[in-house]
Amino acid sequence: DPFGNIPGVTGSVGAGEITATLESDVLFDSGQATLKQAAKRSLDEVARVINNNYRGRPIRVAGHTDIDPIRKSGYKSNYHLGFERAYAVREYLISRGVPSSSIYIASHGPDRARATKQQSRRVEIVVVVNEQ
């Protein structure tokens, strides 16, 4: 797992994909899509791994939220918040040299919730290493 030693990142390897998962609490304040300063250090390392080992491979940046309806943040839905967070991560990776043509965005919003709200709120950076 090339992302395993990066603070704030959980790495995993699956069928044809390598994933770096960052909890939204690490990346963003609640209900926001502006990256925290501390998150940028972790994303710097993710970008370094991608640039050194996976340049030119497709990268999917997917935003996930919890299942609670949006009430205060001003976003129309959890899908919109998930997208904006994924977009913020995409833009930051591009600023660190990851080619924009390699990155695409997905927002799963609340559709892939996990056991807790904290685990559900996340952004996954997926390197597609073996296209089917």
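Every chain begins its residue count from 1, and numbering advances along the sequence as written. Local features in this predicted model are restricted to residues whose pLDDT is 70 or higher, and side-chain atom pairs enter the listing and the counts only when it is 80 or higher, whereas totals over whole chains, interfaces and linings include all residues. Heavy atoms throughout the structure, all of them, feed into the side-chain values; hydrogens and water do not.

1. What to know about the overall build of the protein
Operational definition: Strands are runs of DSSP state E lasting at least two residues, helices are runs of H or I lasting at least four, and both sets are numbered from the N terminus onward. The globule rule used here is 2.2 Å times the number of residues to the 0.38 power, and the radius of gyration it is set against is calculated over C-alpha atoms. Here the open area of atoms and residues is found with the Shrake-Rupley method and a 1.4 Å probe, where only the protein chains shown may cover a residue.
Assigned secondary structure in the protein consists of four helices and five strands. Scanning the protein from its N terminus toward the C terminus, one meets helices and strands in the order β-β-α-α-β-α-β-α-β. A globule of 132 residues ought to have a C-alpha radius of gyration of about 14 Å, and the protein, at 14 Å, matches this closely. When its C-alpha atoms are laid out on the principal axes, the protein stretches across 40 × 30 × 25 Å. Carbon and sulfur atoms provide 45% of the accessible area of the protein, an area that totals close to 6,900 Å².

2. Topic: helix α3 (residues 78-95)
Stated formally: An expected span of 1.5 Å times one less than the residue number is assigned to each helix. Burial classes: relative accessible area under 20% of the type maximum marks a residue as buried, over 50% as exposed, and values in between as partly exposed (1.4 Å probe, protein chains only). Contacts are assigned to residue pairs that have any heavy atoms within 4.5 Å of one another. Pairs of N or O atoms within 3.5 Å make up the polar contacts considered here, provided that, within protein, one atom can donate a hydrogen while the other can accept it, and that residues adjacent in sequence are counted only when both atoms are side-chain atoms.
With 18 residues, α3 ought to run about 26 Å at 1.5 Å a step, and its terminal C-alpha atoms sit 26 Å apart, in line with that. Of the residues making up α3, those classed as buried are Asn78, Leu81, Gly82, Arg85, Ala86, Ala88, Val89, Arg90, Tyr92 and Leu93. Where α3 is buried, its residues contact α1 (24-27), α2 (37-53), β3 (59-64), β4 (103-109) and β5 (122-128). Its side-chain oxygen at 3.2 Å from the backbone nitrogen of Tyr79, Ser77 defines the N-terminal cap of α3. With its phi angle positive at about 95°, Gly97 sits one or two positions after the end of α3.

3. Observations regarding the nonpolar core
The condition that has to hold: In plain words, nonpolar cores are sets of buried Ala, Val, Leu, Ile, Met, Phe, Trp, Tyr and Cys residues tied together by side-chain atoms within 4.5 Å.
Phe3, Leu27, Leu35, Val46, Val89, Leu93 and Ile125 are the most contacted members of the largest nonpolar core, which totals 28 residues. Among the elements of the structure, β2 (17-23), α2, β3, α3 and β5 are those that each provide at least two residues to this core. No other element matches α2, which puts six residues into this core. Excluding residues within four positions of it along the chain, Val89 makes contact with Leu27, Phe28, Leu35, Leu43, Val61, Val123 and Ile125.

4. Focus on the environment of Pro7
Examined against the element boundaries, Pro7 turns out to sit in the segment before β1 (9-14). Residue classification places Pro7 among the exposed positions, given a relative accessible area of 61%. Put simply, Pro7 and Glu45 are 38 residues apart on the chain and 9.0 Å apart in space, counted from C-alpha to C-alpha.

5. Some points on the layout of surface pockets
Test applied: Both site types are read off a 1 Å grid over the protein atoms alone. A 1.4 Å probe that fits but cannot get out defines a cavity, while an open set with protein on both sides within 12 Å along at least five of seven lines defines a pocket; lining residues have an atom within 4 Å of a point. Grid points are joined across faces, edges and corners, and a volume is the space filled by probe spheres set on the points. In this classification, the charged set is Asp, Glu, Lys and Arg, the nonpolar set is Ala, Val, Leu, Ile, Met, Phe, Trp, Tyr, Cys and Pro, and all remaining amino acids, among them Gly, are polar.
Size it by volume and the largest pocket reaches roughly 340 Å³. Along the wall of the largest pocket there are 18 residues; nearest its centre are Ser30, Gly31, Asp66, Ile70 and Arg121. Mapped by element, the contributors of at least two residues to the lining of the largest pocket are α1 and α3. A per-class count over the lining of the largest pocket returns four nonpolar, six polar and eight charged.

6. Regarding the pairing of β1
Each regular strand displays side chains that alternate between the two surfaces of the sheet. Definition in use: DSSP calls a pair of strands paired once it identifies at least 2 bridges connecting them.
When β1 meets β2, the two strands line up antiparallel, connected through six bridges. Within β2, the position partnered with Val9 by the bridge is Leu22. Counting the residues in the hairpin turn of β1 and β2 gives two residues, including Gly16, whose phi is positive at 75°.

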